[in-house]
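Inside the fold
Read off the chains here:
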Amino acid sequence: MGAPTTRIIIMALFSELRRRNVLKVALLYALASLLFLWVVGGSLLWLGAPQWANEFVLLVLALGFPVALIFAWAYEITPAGLKKSLDVDQTQSIVYKTGQKLNAAMSVLAVLGILALVGQRLLPTFEFPTIIEPILLAPVYERPENDNVPQEIRAHTLDNGLRIIVWPDHDIPNVVMYNFVRVGGRNEYPGITGLSHFFEHMMFNGTDRRAQGEFDETMEAVGGANNAYTSKDLTVYQDWFPRSALETIFDLESDRLENLAIDPEVVEAERGVVYSERRLRYDNDNFGRLYLEMNATAFSAHPYQFPVIGWVSDVESWTQQEIEEHFSTYYAPNNLTMVFTGDVTPKEIFELAEEYFGGIDAQAPPPPIRTKEPEQLGERRLLVEVDSPTPLLHMTFHTGSATDPETLPMNLLLNILVGGESSRLHRLFVEEEQIALAISGFQMEGFDPGLVYFYLTLPPGADVATAEARMLEELDKIARDGVTPAELEKARNTMTADYWRGLATINGKASALGNAEVFLGDYQRAFSVPDELSAVTAEQLQQVAADVFDPHKMTVGVLRSPLEEDAP
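Please read all numbers here as calculations on a predicted model, not as lab measurements. (Residues numbered from 1 in each chain as written. Predicted model: local features only at pLDDT ≥ 70, side-chain atom pairs only at ≥ 80, totals over all residues. Heavy atoms only, no water.)

Digging into the side chain of Lys-232
The topology assignment puts Lys-232 in the loop between strand 4 (225–230) and strand 5 (235–242). In this structure Lys-232 is buried but unpaired, with Asp-233 as the nearest side chain of opposite charge at 8.2 Å. Engagement of the side chain of Lys-232 in a polar contact is seen with the backbone oxygen of Phe-306, the distance being 3.4 Å. In this structure Lys-232 touches Gly-184, Gly-185, Arg-186, Tyr-291, Asn-295, Tyr-304, Phe-306, Val-308 and Met-444, once residues within four positions along its chain are discounted. (Helix = DSSP H or I, 4+ residues; strand = E, 2+ residues; numbered from the N terminus. Buried < 20%, exposed > 50% of the residue type's maximum accessible area, 1.4 Å probe, protein only. Lys, Arg positive; Asp, Glu negative; His and termini not counted. Salt bridge = Lys/Arg side-chain N within 4 Å of Asp/Glu carboxyl O. Polar contact = N/O pair within 3.5 Å; in protein donor to acceptor, adjacent residues only side chain to side chain. Contact = heavy atoms within 4.5 Å.)

Some thoughts on the packing of aromatic side chains
Enumeration according to the criterion identifies 25 aromatic pairs in this entry. Each ring, one from Phe-204 and one from Phe-215, has its centre 5.7 Å from the other, and the planes form 85°; the classification is edge-to-face. Taken together, the residues Phe-204 in the loop between helix 7 (195–202) and helix 8 (214–221) and Phe-215 in helix 8 connect sequence positions eleven residues apart. For the pair formed by Phe-204 and Phe-215, the shared burial category is buried. (Phe/Tyr/Trp six-rings, centres within 6.5 Å; stacked < 30°, edge-to-face > 60°.)

Description of the packing of helix 16 (residues 424–432) against helix 17 (residues 464–481)
Between helix 16 and helix 17, whose axes approach to 12 Å, the crossing angle comes to 150°. Accordingly, the angle class assigned to the pair helix 16 and helix 17 is roughly antiparallel. Judged by the sense of rotation from one axis to the other, the crossing of helix 16 with helix 17 is right-handed. Of helix 17, the residues touching helix 16 (which contributes Arg-424, Leu-425, Leu-428 and Phe-429) are Ala-467, Arg-470, Met-471, Glu-474 and Ile-478. Class assignment of the residues belonging to the contact of helix 16 with helix 17 gives a composition of six nonpolar, no polar and three charged. (Axes fitted to C-alpha atoms, helices over the stretch in contact; angles between N-to-C directions. Parallel < 35°, antiparallel > 145°, perpendicular 65-115°, else oblique. Left-handed = near helix turned anticlockwise from the far one by under 90°. Nonpolar A, V, L, I, M, F, W, Y, C, P; charged D, E, K, R; others polar.)

Some details on helix 18 (residues 485–502)
For helix 18, built from 18 residues, the straight-helix expectation of 26 Å at 1.5 Å per residue is met to within 8% by its first-to-last C-alpha distance of 26 Å. Every buried residue belonging to helix 18 is among Glu-487, Leu-488, Ala-491, Arg-492, Met-495 and Tyr-499, and all of these are buried. The buried side chains of helix 18 occupy one side of the element, clustering within an arc of 130° when seen end-on. Those residues of helix 18 that are exposed and aimed more than 90 degrees away from the buried face are Pro-485, Ala-486 and Arg-501. (Expected span 1.5 Å × (residues − 1). Arc of directions from axis to C-beta.)

What about the side chain of Thr-230?
Mapped onto the secondary structure, Thr-230 falls in strand 4. Apart from residues lying up to four places away in sequence, Thr-230 is in contact with Ser-196, His-197, Glu-200, Thr-235 and Val-308.

Examining the sheet that holds strand 3 (residues 174–181)
Sheet architecture is open: six strands sit in the order 1-2-6-3-5-4, paired in mixed fashion. Single-partner strands in this sheet number two, and they are strand 1 (154–157) and strand 4. Sheet twist, expressed as the average angle between the axes of neighbouring strands with direction ignored, equals 15°. As defined by bridge partners, strand 2 (residues 163–168) adjoins strand 6 (residues 336–342) across six bridges and the pair is classed as parallel. By the bridge assignment for strand 6, Val-166 is matched with Phe-340. Sitting on the sheet, helix 9 (residues 246–259) is in contact with strand 3, strand 5 and strand 6, with an inclination near 155° to strand 5. Packed onto the sheet, helix 14 (residues 346–357) meets strand 1, strand 2 and strand 6 and runs at close to 150° relative to strand 2. (Pairing = 2+ DSSP bridges.)

Dropping the structure here:
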């Protein structure tokens, strides 16, 4: 069909509609609607009618327009409508006939609207009785899924991502709070090393609501105490307080999270405090000095190489912008896990958390740590020469993260080797052969693969090479011959007893729950330790020794006084 033909049809249809009064109906309806809106809208405003009344009027008029056109079409266009209009009354115009029908329909709607408006004013407002409201709105808190977990523990995550775990213990009217912030040395890079530890200091200073020093004053006034520590993986804040101070503690903690004042003058003062702490613990302490150098050497790529307290040049040069960005990135509800143990109930803790922390906005997740430490392809050595009456020998080997299957067997093995005065290496090195004054060790258990770290204090004038050779002999012996059943049983019993001893206090409970939640992904893992210890075999200990104690992948550090021939 061509364009001229289409145009002819449209013009013919328009002419027919005009002749048949349909357009007259549309025009009249539009004018009447405007008048109606002006009169009725003003009346509703004068009467103070609710907003829905205006919306109802608009809805009725909007529905009426197509209805009016349909009536007009039915009367003048369709054969049935034409016949009906002739049969009823030929003296009435189509506009009049359409208005009759439309007025009847709109009158019904108008009456319904008026009745609804009057009903809203007269009928009482209904509210749920308070006895029913908690039943309808009570949140569902997470319950333990495993039978070996105390069933009174509850967990809950606020909408802003703050994770909270509660373990009630009503033996004494005291409470412990641990706040695990997922930021430590691993979240830093050259230029800002030490910032995580710096905020361990800043968090005890002023806020927008409280002056500097008021945090501690307020807590001590209600009988509370606090502390904090920073590691390569976390910054952890601890509060100990009587139950009566519960709401005060929530107010203090939420205030410093939301309103911490990062005042430049306070920053400079705390920068000096951190610098003094570094000198005390590392620069003027031989063990600390060698420990920093060992980490910087054993890790070539991963940020575990950086000192938690920071390099001196970084501590001296953090900018105000870097400090504020570090805080806003990591001190957000969705980057925290809070644990409460003691004389509390889960319900009151979760309600207080919602009241005090619920309004703090979540932030974008911190950037992930993507750097992985490459395999070490040869031994590394370092020598620190400072005045020291006793030489120090440190030796490290690479091992897995906290979730690695070999982590628990390695902990058992370290208990056998250096766990106290009855351990194998203490008896051999300190008591029998007397080639060391002390020997100990530990395993890093973090988010990423870490180190097994041995450290020996040698007698004055000792031959460091001899002590190192004997260490390697004993480590190789473990990998070759394993441990005795008696040694394994003793280590199991010792670690199991330490485990239960820790859970005997509310402080130990909070620490265990939080570390399991943060490092292992589920607080319930804290209660599987006894069974996991019982399941470890002597063969596993021998295998982990063979896997880890590779002399070609070790780092050796020695701290001693300069030799006389090297002295000026």
